[in-house]
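Listed below, chain by chain, are the residues.
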Amino acid sequence: MAVRQLDARGLKCPMPIVKAKKEIDAMAPGDQLEITATDPGSVTDFQGWVKTNKRAVLKEQRQEQDETGRDLYIHLLERTDG
Amino acid sequence: MAEHGSGAGSVPAIDVGDLLQAADRGHPLLLLDVRNEDEVRAWKLEARRPIETVYVPYFDFIEDEPGSVAKVPPGRDVVVLCAQGGSSEMVAGMLAEAGVPARNVRGGMVAYGEYLQPAAVPLGPGESSRFAIWQVNRRGKGCLSYVVASNGEAVIVDAMKNEEWFEAFAAQRGLRIIRVLDTHIHADHVSGGPALSQRLGVPYSVSAGEGFDLRQPVAPLDDGQVLRVGGERGVTLEVRVMRTPGHTPGSTSYLVGGRYLLTGDTVFVGSVGRPDLGGHVVEWGRMLFATLTERLAPLGDEVLVLPAHYAGVQEIDENGIVAGRLGNLRRTVPELQFRTADEFVASVRAAVKDPPASYAEIIKVNLGLSSAPLDRITEWELGKNECAASARRAALG
């Protein structure tokens, strides 16, 4: 099982989802994608998007801060058989 | 899909102000709201007349473009809305490619939350030649500021955080701002009062009775004190300071020209200000009852109440103003019907609800105890105000 990283820092919607979709579509079932975003709206957007698409599930969401104190929203997706 | 939305300016757009103006007039727009379900539930764009709205999240367009485009009825004047204007631009681009003309709402709900709409309060004969009152409506939040002007001078009451806007508004009308007033320390939005007063080098006043330790300099005002707008001689407008505690212990109202009462959060058009934010609902509730029944009693029914908030677009009248004659409010506002303090307090206690989101952070900024970048303040302020005491009104928020 591979874990890919996607840097979506500084990107506003729709770009975090657009980029995550491209990655997910190219991944094998069981592989994971960890997205690091700075847009707080990405939290509910990823929750909503996984309800619509059948190719990924949301394994984890957590909030961290970078060294400058900027909030980071980290989303862990897993590619399904869908 | 990433191509969409990247060409900024290629998709036709509409500003929030133009959108609201069209929708208020009843222009038959079709609003395509592409935010996710949680965001839609928390906060909607509202106009004086209902806007026909279709909800299709933008990620549905990413997943199934033709299927999502098909959900938009043909032959309509479509405007696309999202949180910040990026996703809606992408969707408007997809619609255009599919032959469905659509405009992007520039800046999305963030722009809606910041948009300020000024409207002149209609004055009586003999008044409009002497002074003017503009009500500045922050439509997305239901917050109201005031510009009170006479003879080339103005005072600003309950300025919102976009202080440059107020400065420009006054400058365009040849008005010199002489003082900046707040009715109280706001808990639901960041005040522009201190920043505006510092920019202009004019006094900032809010009641010392708030019981807070304010860091910014405050010019104290006494109950009954009269401020003059328009110079000391000739045509001047009197603004009388009235202590009206209850929503907060230092809440102050300003009576303009003897007939226009800027009430802050003391009395609204459909309710009264909630006295529970300080955690002393019984004590502050009794203060508010005394304010409503004793302090406001000498004012005549013809006095026009101009509040700092409203609960819903239905409170905006045909002149685009939120206002009510004191006589009407005395008959219709549920909280003004109680005859005893006990009944009143029981009612406001029953309506206690959660404080506004981020209110502790907002109060700190308004006291000058901390500062925050604008994007953080925008995040704190998202959504409608929750300042009214009645549960019925709260449900509308």
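Please read these numbers as outputs of a predicted model, since none were measured by experiment.

Explain the overall build of chain B here, please?
Secondary structure summary: chain B contains 14 helices and 17 strands in total. In terms of overall size, chain B behaves like a compact globule, its C-alpha atoms giving a radius of gyration of 22 Å where 397 residues would be expected to give roughly 21 Å. Dimensions of chain B, computed from C-alpha atoms along their principal axes, come out at roughly 65 × 50 × 45 Å. Relative to its full complement of 397 residues, chain B shows a buried share of 48%. Of the contacts made within chain B by residues no fewer than 6 positions apart, 64% connect residues no fewer than 24 positions apart.

Looking at this model, I keep getting lost on the interface of chain B and chain A. Mind explaining?
By a widely used convention, the size of an interface equals the accessible area lost when the partners come together. Contact residues are listed per partner, giving 20 residues for chain B and 14 residues for chain A. When residues of the side of chain B that touches chain A are traced back to their parent elements, those giving at least two are α2 (37-42), α3 (58-63) and α5 (86-97) of chain B. No other element matches α3 of chain B, which puts 5 residues into the side of chain B that touches chain A. Residues belonging to the side of chain B that touches chain A are distributed by class as follows: 9 nonpolar, 5 polar and 6 charged.

It is not clear to me how unusual backbone geometry should be interpreted in this structure. Could you clarify?
Outside of glycine, negative phi angles account for most residues, and trans bonds account for most peptide bonds. Following C13 of chain A, the chain continues into P14 of chain A via a peptide bond in cis, with omega recorded as 15°. Note on placement: P14 of chain A falls in the loop between β1 (3-8) and α1 (15-25). At N151 of chain B, a position not held by glycine, the phi torsion is positive, near 50°. Tracing the chain through its elements places N151 of chain B in the loop between β8 (143-150) and β9 (153-157). For N151 of chain B, a count of 17 C-beta atoms within 10 Å gives the class partly exposed. Look at D158 of chain B: it is not a glycine, yet its phi comes out positive at around 55°. Here D158 of chain B lies in the loop between β9 and α7 (163-172).

Could you clarify how one ought to interpret helix α2 (residues 42-52) of chain A in this entry?
Because the α-helix completes a turn every 3.6 residues, residues three or four places apart line up on one side. Of all the residues in α2 of chain A, the buried ones are S42, D45, F46, W49 and V50 of chain A. In a view along the axis of α2 of chain A, the buried residues occupy a sector of 130°, so they form one face of it. Elements that come into contact with the buried residues of α2 of chain A comprise α1, β2 (32-37), β3 (56-65) and β4 (71-79) of chain A together with α3 of chain B.

Hey, could you run me through the packing of α7 of chain B against helix α8 (residues 193-200) of chain B in this one?
A pair of packed helices is captured by two measures, namely the crossing angle of their axes and the spacing between those axes. All names here are of chain B. Interaxial distance between α7 and α8 falls to 9 Å at its minimum, and their mutual angle equals 55°. The orientation of α7 with respect to α8, classified from their angle, is oblique. The chirality of how α7 crosses α8 is right-handed. Every residue of α8 that contacts α7 at E163, F166 and E167 is listed here: A195, L196, R199 and L200.

What's the story with the domain arrangement of chain B in this structure? I'm lost.
Residues and elements named next belong to chain B. Split by domain assignment, chain B resolves into domain 1 (13-112) and domain 2 (115-396). Summarising the inter-unit geometry, the C-alpha centres of domain 1 and domain 2 are found 33 Å apart. At the junction of the two partners, domain 1 supplies 11 residues and domain 2 supplies 10 residues. Secondary structure elements with two or more residues in the side of domain 1 that touches domain 2: α1 (16-24) and α6 (108-114). Along the lines of polarity and charge, the residues of the side of domain 1 that touches domain 2 split into 8 nonpolar, 1 polar and 2 charged.

Before we go on, may I ask you to explain the pairing of strand β16 (residues 304-307) of chain B in this structure?
Looking down a regular strand, the side chains alternate between one sheet face and the other. All names here are of chain B. A two-sided burial pattern is seen for β16, the buried positions comprising L304 and L306 on one face and V305 and P307 on the other. Pairing of strand β15 (residues 260-264) with β16, which is carried by 4 bridges, proceeds in the parallel orientation. When the bridges of β16 are listed, Y260 appears paired with L304. In terms of strand pairing, β16 meets strand β17 (residues 324-325) through 2 bridges, oriented antiparallel. Bridge pairing in β17 places L304 opposite R325.

Please clarify how the sheet that holds strand β12 (residues 226-229) of chain B should be interpreted in this entry.
Spatially, the 6 strands line up as an open sheet ordered β12-β13-β14-β15-β16-β17 (chain B), and their pairing is mixed. Both edges of this open sheet fall to β12 and β17 of chain B, since each of them pairs with a single strand only.

Calculation criteria
- Residues numbered from 1 in each chain as written.
- Chains lettered and ligands numbered in written order.
- Predicted model: local features only at pLDDT ≥ 70, side-chain atom pairs only at ≥ 80, totals over all residues.
- Helix = DSSP H or I, 4+ residues; strand = E, 2+ residues; numbered from the N terminus.
- Rg over C-alpha atoms; globule rule 2.2 N^0.38 Å.
- Buried ≥ 20, exposed ≤ 12 C-beta atoms within 10 Å, placed from the backbone.
- Contact = placed C-beta atoms within 7 Å.
- Nonpolar A, V, L, I, M, F, W, Y, C, P; charged D, E, K, R; others polar.
- Arc of directions from axis to C-beta.
- Axes fitted to C-alpha atoms, helices over the stretch in contact; angles between N-to-C directions.
- Parallel < 35°, antiparallel > 145°, perpendicular 65-115°, else oblique.
- Left-handed = near helix turned anticlockwise from the far one by under 90°.
- Domains from an automatic or database assignment.
- Pairing = 2+ DSSP bridges.

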